[in-house]
Amino acid sequence: MRLITKLLIVAALCSTLTVFGSTSDADKAIYKRVDALMKKMTLQEKIGQLQQLTGRKSEITGPAGEKMNTAEFIRRGLCGSMLGVKTAKDVAYYQNIALNESRLGIPILFGYDIIHGCRIIFPENLGISSSWDIAAIEKSAQIAAREAASMGIAWTFSPMCDISTEPRWGRVSEGSGEDPYLGAKIAEAMVRGYQGDDLSDPNTILACVKHFAAYGAPQAGRDYHTVDMSRRMFRDRYLPPYRAAIKAGAATIMTSFNDFEGVPATGNKWLMRDLLRDELGFTGFIVTDWGATDEMRNHGVAANGKEAAKLAFDAHVNMNMVDADYIKYGEELVKEKQVSVKTIDLLCREVLAMKFRLGLFDEPHRYGGDRYKSETYLPENLEVARDVARKSMVLLENHNATLPLKGSERIALIGPFANNRKEMSGAWIGFCEHNRSTTYLEGLQARFGKDNVVCVEGCKPFSAIEGGIAEAVAAAQNADVVLLTMGLPNSCSGEATSLTSIEVPQAQRDLLDALDNTGKPIVVLLVTGRPMDVGYEVERADALLVTWHAGTMAGPALADVVSGDFNPAGRLTMTFPLNIGQVPIHYNMKRTGRPRRSLEHTQKYTSRYMFTPNEPRYAFGYGLSYTTFDYSDLRVLTPEVAMGESVRVSVKVRNSGKCDGTEVVQLYLRDDVASTTRPMRELKGFERVELRAGEERRIEFEITPEDMSFWTINEEFAQEPGSFHVWVGHDSNATLGGEFAVRK
Ligand code: GLC
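Since the model is a prediction, treat every value here as computed from it, not as a measurement. (Residues numbered from 1 in each chain as written. Predicted model: local features only at pLDDT ≥ 70, side-chain atom pairs only at ≥ 80, totals over all residues. Heavy atoms only, no water.)

Another point: the overall build of the chain. From N to C terminus, the chain includes 22 helices and 26 strands. Compactness check: the chain gives a C-alpha radius of gyration of 26 Å against a globular reference of 27 Å for 744 residues, within 12% of the reference. Each of the three principal axes of the chain carries a C-alpha extent, and together these read 75 × 65 × 45 Å. Here the chain holds 744 residues, and the buried ones make up 62% of them. Nonlocal contacts in the chain, meaning residues at least 24 apart in sequence, comprise 78% of its contacts between residues at least 6 apart. Total accessible area on the chain is roughly 27,100 Å²; 50% of this is exposed by carbon and sulfur atoms. Distance between charge centres in the chain, computed from 86 positive and 95 negative side chains, equals 3 Å. (Helix = DSSP H or I, 4+ residues; strand = E, 2+ residues; numbered from the N terminus. Rg over C-alpha atoms; globule rule 2.2 N^0.38 Å. Buried < 20%, exposed > 50% of the residue type's maximum accessible area, 1.4 Å probe, protein only. Contact = heavy atoms within 4.5 Å. Areas by Shrake-Rupley, 256 points an atom, 1.4 Å probe, with all protein chains shown as cover. Lys, Arg positive; Asp, Glu negative; His and termini not counted. Charge placed at Lys NZ, Arg CZ, Asp CG, Glu CD.)

Before going further, it helps to examine the site of the ligand. Surrounding the ligand, one finds 14 residues, the nearest of these being T61, D113, R171, H211 and D289. For the ligand, an oxygen atom lies 2.8 Å from a polar atom in the side chain of R171. Contacts to the ligand include E495, whose side-chain N or O atom sits 3.0 Å from an oxygen atom. When the free accessible area of the ligand is taken as 310 Å², the share hidden by the protein chains comes to 100%. When its residues are assigned to classes, the shell around the ligand shows 7 nonpolar, 2 polar and 5 charged. (Near = heavy atom within 4 Å. Polar contact = N/O pair within 3.5 Å; in protein donor to acceptor, adjacent residues only side chain to side chain. Nonpolar A, V, L, I, M, F, W, Y, C, P; charged D, E, K, R; others polar.)

Glancing now at the packing of aromatic side chains. This model, assessed by the stated rule, comprises 21 aromatic pairs. Where F260 meets W270, the ring centres are 6.1 Å apart and the plane angle is 5 degrees; that geometry is what we call stacked. On the criterion of sequence distance, the pair formed by F260 in strand 7 (residues 259–260) and W270 in helix 10 (residues 269–279) is long-range, its members being 10 residues apart. Accessibility classification places F260 together with W270 in one group, the buried group. Joined through ring pairs, the aromatic side chains of W132, Y181, Y587, F620, Y668 and F686 make up one cluster. (Phe/Tyr/Trp six-rings, centres within 6.5 Å; stacked < 30°, edge-to-face > 60°.)

Under the criterion given, the structure shown has 51 salt bridges. When the shortest N-O distance is used, the salt bridge between D362 and R33 registers 2.9 Å. You can see D362 sitting in the loop between helix 14 (341–358) and helix 15 (372–375) and its partner R33 sitting in helix 2 (residues 25–40), a full 329 residues away along the chain. Using a relative accessible area of 38% as the deciding quantity, one classes R33 as partly exposed. The salt bridge involving R692 is made with D660; its shortest N-O contact spans 3.3 Å. In this pair, R692 is assigned in the loop between strand 21 (682–691) and strand 22 (696–703) and D660 in the loop between strand 19 (647–655) and strand 20 (661–671), connecting sequence segments 32 residues apart. (Salt bridge = Lys/Arg side-chain N within 4 Å of Asp/Glu carboxyl O.)

The next subject is the sheet that holds strand 18 (residues 640–642). A sheet is described by the order of its strands in space; here 5 strands give the open sequence 18-26-25-20-21, paired in mixed fashion. Two strands close off the open sheet at either side, each with one partner strand: strand 18 and strand 21. Going from strand to strand, the sheet's axes swing by 25 degrees on average, the running direction of each strand aside. Taken together, the 6 bridges between strand 25 (residues 722–729) and strand 26 (residues 737–743) define a ladder with antiparallel strand orientation. Within strand 26, the position partnered with H725 by the bridge is E739. (Pairing = 2+ DSSP bridges. Axes fitted to C-alpha atoms, helices over the stretch in contact; angles between N-to-C directions.)

Quick look at the side chain of T293 now. Looking at the secondary structure, you find T293 in the loop between strand 9 (285–287) and helix 11 (296–299). Given a relative accessible area of 0%, T293 falls into the buried group.

F212, F234, L271, I414 and L515 are the most contacted members of the largest nonpolar core, which totals 177 residues. Leaving out residues up to four positions away in the same chain, F234 has contacts with A213, A214, M229, L239, P240, Y242, F260, W270, L271 and L275. (Core = buried A, V, L, I, M, F, W, Y, C linked by side-chain atoms within 4.5 Å.)

A separate point is the confidence of the model for the chain. For the chain, the mean per-residue pLDDT works out to 95, and 96% of the residues sit at or above 70. Every residue in residues 11–21 is under pLDDT 50, and counting partners more than four places away or in other chains gives 30 contacts. (pLDDT = per-residue confidence, 0-100.)

The next point concerns the sheet that holds strand 6 (residues 252–255). Here 3 strands make up an open sheet; going across it, the order is 5-6-9 and the pairing parallel. Both edges of this open sheet fall to strand 5 (208–212) and strand 9, since each of them pairs with a single strand only. The mean inter-strand angle of the sheet, taken between neighbouring strand axes irrespective of direction, is 25 degrees. In this sheet, strand 9 lies alongside strand 6 in parallel orientation, the contact comprising 3 bridges. Bridge pairing in strand 9 places I253 opposite I286. Taken strand by strand, helix 9 (residues 231–247) contacts strand 5 and strand 6, and its axis lies near 155 degrees from that of strand 5.

Set out below in structure tokens:
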């Protein structure tokens, strides 16, 4: 293994251990208390700490398992954690049973899916990622953590770190798109936001890196389907966000439903021990996804729940979510010496240590109580949600400067999401109170005046409304501009929502056709949690703005953007294909041995389609502004460096338009010749730059040896010498470039 690799691994180990390891004095004190407690525990009670159950009114986020009397299991010390408990009152109810009615009074750890906000809902994560604003993303996680803590939740099942190039897979809405570099930056920001730098702070909660691993690459985009890829592909494209989150100190990991190299993640010792613990130095605890232990029977690698439990124990998976195989078979497996007491102790120790770190033993009710009354919906946090939502919106088309609106127009707001309070927030909104969400109509009327905005539903997401189109056309004819909401409802976002078509439903397209015939300018507002094939819409609309499922403050955020009060700065973090036939399609594909040289290149024997371009409709990193940005004078300040040295590149960016705006300056790298095939280009730097109209600034980037490293033919993460191309620009098609060389 090369020196650079050893250094990187040691650095990862040290940084992680200083947060959750046995090196700090605080941790030594914690493990002392853990060990003293474990000496009093029976084997059954230790296994009980490894079992997570739902409550009587829990939100069920998976196949309903057998009915259990959770309170009874808690009394018997057989439930160390709960999920889906939705009120502080219920948290207190179960916590008091644990504290007062179980033998040792060990507090329960309450977890929940706080994916993109708790009470205040931020845009779905694919939307948040389109802001490219790392500080804002971290802030959104911090706010979510504080609200969750006030509701009694000390652990969130987030960040979802699954890279994906599959718009058919509905869970892309929960992730940060297709790029490992950006995904890693966002993952570590969310861990920082949730956990802060001190878990004993009652406003911080445990993060959970999910779904480990490679869940975002299901065959055919069908949820839960097989994942089959080389370890090299996994390490180069899917591992970076997980690794970054672990390096940032993530407290927990969740196993994924899929198999990997033919072994379900939950029983996959290479993933969970060799890679996660030994190589990446993860020292927190691992929880399965919902019922994933017992589902190893469906996978066909366990004949029964007992065999499934053994596989998970052997993979050193600490906690079992919901299917209870651990408490059913754990003692038996130990008695039969199939699982050692040492393993049980090892797994239990990390769970208890985390409860001590959170302060649950010292103040079991520090999370919850009536904190929520004063700590949710804080005005300053609603403003953050509004800011994140407008930064997330991506302007993809804007012909004849249809946007921003001038302010005097009569607006016809039309479509199934125009004034639909329940469809503002996407998936995983368990704590969302829809009555607190502001609809697009409310946001626009507040900005433009009630009399200037009329609203007609026109159709349902998937079906016509009797007379709906006629009513919509009449409204359009009396207006100066049409804002037409199109797309997919919350129910088509998140888990178990795979689609074979990513087109807008026909009922909505019928409405668009009728409105198109009025001749009025049409702005399509695309409400979605995934990339879509918007060819039909683009042919008919004058402008297209992706608003995502924008959350509690969707209405004001939209008004900010369409009015020009905020100049859109969102950039796509996942490719929008021309059509489903191109999928999977992403910017960082490999060159192949027969690359098509250019758009005009029609040489038959090249990697291309017969009747469709290779290029997507909208590339990774793409998004329009109300102004324009020009790039010039790219300089490679260090045209030749030694191994282990960084490269510096600078470029001039000018706001060449008439209004202030924010540009996401993006740097892409290509390793020209390497020991394995490398992507055509890879994002290795970005910076959000606010420029006043006419302002020009020189932006400098550093490309580190780690940025140039990859999983080489020698099976190690390392940098290699050779020549590199670099481009800086507006999106992944950036053309302004330069070269540098790394000497042997
Ligand atoms: C679900 C999801 C996972 C979630 C868990 C608990 O099945 O796969 O993302 O955190 O169950 O709700």
